[in-house]
Amino acid sequence: MVPGPILEVHPPNGPPSGEPSTGQQKSQKAMTKAERRELQERQRAAKAAKSAASGVNGKPAGKSKDQAASAGGTPKQKPSRAAEPQAKSVAPAGARAAEKAKAGQASVATDSMAKNQARGLLIFSHFGLPKPVSAAKGDIHPAIARLALQFSAFKITGANARCIATLTAFKTVIQDYVTPPNHTLSRHLMTYLSPQISHLVAARPMSVTMGNAIRQLKLDISGTDFDLPEQDAKDALCRKIDTYIRERIIIADQVIQETAGNKIKDGDVILTYARSSVVEKVLLEAHASGRNFSVIVVDSRPMLEGKRLVAVLSEAGIQCTYLLLPALGSVMSEVSTVLVGAHSIHTNGAVYSRAGTALVAMMAKRHSVPVVVCCETYKFSETIQLDSFTKNELAPVGDLFSSFPNNKPRESLTLENKPNLEILNPLYDLTPPTCITAVVTEVGVIPPNSISSIPVALGRLL
């Protein structure tokens, strides 16, 4: 049977773009923006239909009728040759179906994206989101990979704890490091540490304390003597890391304990928020010195860190009261002093700390209660921050740190994102310097409007 003539295929929206049509009579300059967009869409559809038609037809239609007839009568040839004219006649319908399916998928994707954007809080999309650790990029040391998992799961929290854990992991990395041939330790070790640092930052945004410590470590590496044997150079770097931890964190905390502890008198009622390691040490040191006082621990979700602080203080014999943040106003009139910690402190005197600290400080100022911040100088940042919106971090979704009540499964107590529910847990807020009475550091008690003098007191060494 002789196949019918091959029909010329036109796109669904009209003839090809090379032929004149009513929509192309105008020049593009004379067209409106909508008309130009419509013309571009037509041209794209024509191109897609043409490519789809050529894909359905397979081989080009350049064969003669005799070759087509002989192909139908020879059993060795593929039977698809006989059905080729039928496939060609169906090509326009197939192209239209493919185009419709593609357009349908695009519309579904656009609708789902629009729904997600409408559901999500886009103004907070720049916050550091908690995320699982992805595949390592580069040569990542096992100690760094383990630490990144602990950061991502919030197993290690607190500025001091994270900084000490990071420096301890870098000590292991430095000891296991081997300088390649034709390289120097002071130069290649910096390159080797870069992917390690990036891996930690990918797990959780870097804190100010970690940034200052890593900056000091890089300065020590760059100052390593070229003539020093490799093992001696690595030992010297590890000793400098130990010195940094001892002087800037451990000894600094001891000085702050003594200075702030002297401000606590018998009969005082001390209010603190969440859990700060240095505030905990101050309270324990004051109690060990024989002072009789009570502590009010204010806490809030989702981390509920105050529970651990109450357990430690009550076990030491300190009279404690535990309440959540909404009940703060009912006890503020009984408070003598507010002691809080800090994640970082900025040049303008603003304190960046756990979310809720600003509310506690503002309430204390309203009731004329002094607010004392206990903060090591290595938490100082030379930047100026005016709010907690431009930079922040989100806590994990759900009450991962809660265990009450015990008679229900944990899954039934955990809130998760749903189509009509978006959970937002900012980790930090900014306390303005006008709400702070004094900042206790290892170099003395500093008013918040003199925080910028810290680098001068330390000889520009952070």
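In this report, we go over the structure that sits alongside the text. (Residues numbered from 1 in each chain as written. Predicted model: local features only at pLDDT ≥ 70, side-chain atom pairs only at ≥ 80, totals over all residues. Heavy atoms only, no water.)

## So, the sheet that holds strand β4 (residues 337-340)
What counts, and what does not: DSSP calls a pair of strands paired once it identifies at least 2 bridges connecting them. Per the convention used, a helix needs a DSSP run of H or I reaching at least four residues, while a strand needs a run of E reaching at least two, with both numbered from the N terminus. Orientation is described by lines fitted to C-alpha atoms, with helices fitted over the stretch in contact, and by angles between N-to-C directions that extend from 0 to 180 degrees.
In spatial order, the strands read β3-β2-β1-β4-β7-β10-β11; together these 7 strands make up an open sheet with mixed pairing. At either margin of the open sheet sits one strand with a lone partner, and together these are β3 (319-324) and β11 (444-446). Taken over all neighbouring pairs, the strand axes of this sheet differ in orientation by 25 degrees on average, direction set aside. One ladder, built from 6 bridges, connects strand β2 (residues 294-299) with β3; its direction is parallel. Looking across to β3, one finds that Ile296 is bridged to Thr321.

## Concerning empty space enclosed by the protein
This is how it is decided: Computed over the protein atoms alone on a 1 Å grid, cavities are sets of points where a 1.4 Å probe fits but cannot get out and pockets are open sets with protein on both sides within 12 Å along at least five of seven lines; a residue lines them when it has an atom within 4 Å of a point. Grid points are joined across faces, edges and corners, and a volume is the space filled by probe spheres set on the points. Amino acids outside the nonpolar list (Ala, Val, Leu, Ile, Met, Phe, Trp, Tyr, Cys, Pro) and the charged list (Asp, Glu, Lys, Arg) are all regarded as polar, and Gly is one of them.
A full pass over the atoms with the stated rule returns 2 cavities of 30 Å³ or more. Roughly 50 Å³ of volume is contained in the largest cavity. Ala260, Lys263, Ile264, Ile270, Thr337, Leu339 and Val372 are the residues that line the largest cavity. Split into classes, the residues belonging to the lining of the largest cavity amount to 5 nonpolar, 1 polar and 1 charged.

## Some details on the layout of surface pockets
Its volume calculated, the second largest pocket comes out at about 690 Å³. Considering the residues around the second largest pocket, the lining is formed by 34 residues, among which Thr157, Gly158, Arg275, Ser276 and Ser277 are closest to the centre. Taken together, the elements giving at least two residues each to the lining of the second largest pocket come down to α5 (159-176), α8 (230-261), α9 (277-288), α10 (306-315) and β6 (351-354). A per-element tally of the lining of the second largest pocket places α5 first, with 5 residues.

## With respect to the pairing of strand β10 (residues 438-441)
Quick note on the threshold: Burial status follows relative accessibility: with a 1.4 Å probe on protein chains alone, a residue under 20% of its type maximum counts as buried, one over 50% as exposed, and anything between as partly exposed.
The alternating pattern of β10 places Ala438 and Val440 and Val439 and Thr441 on opposite faces, both of which are buried. Across 3 bridges, strand β7 (residues 371-374) lies against β10 in parallel orientation. Directly across from Cys374, in β10, lies its bridge partner Val440. With 3 bridges connecting them, β10 and β11 associate as antiparallel partners. Its bridge partner being in β11, Val440 is matched across the sheet by Val445. Turn length for the β10-β11 hairpin, with the two strands adjacent in sequence and antiparallel, is 2 residues.

Keep in mind these values describe shape, not function.
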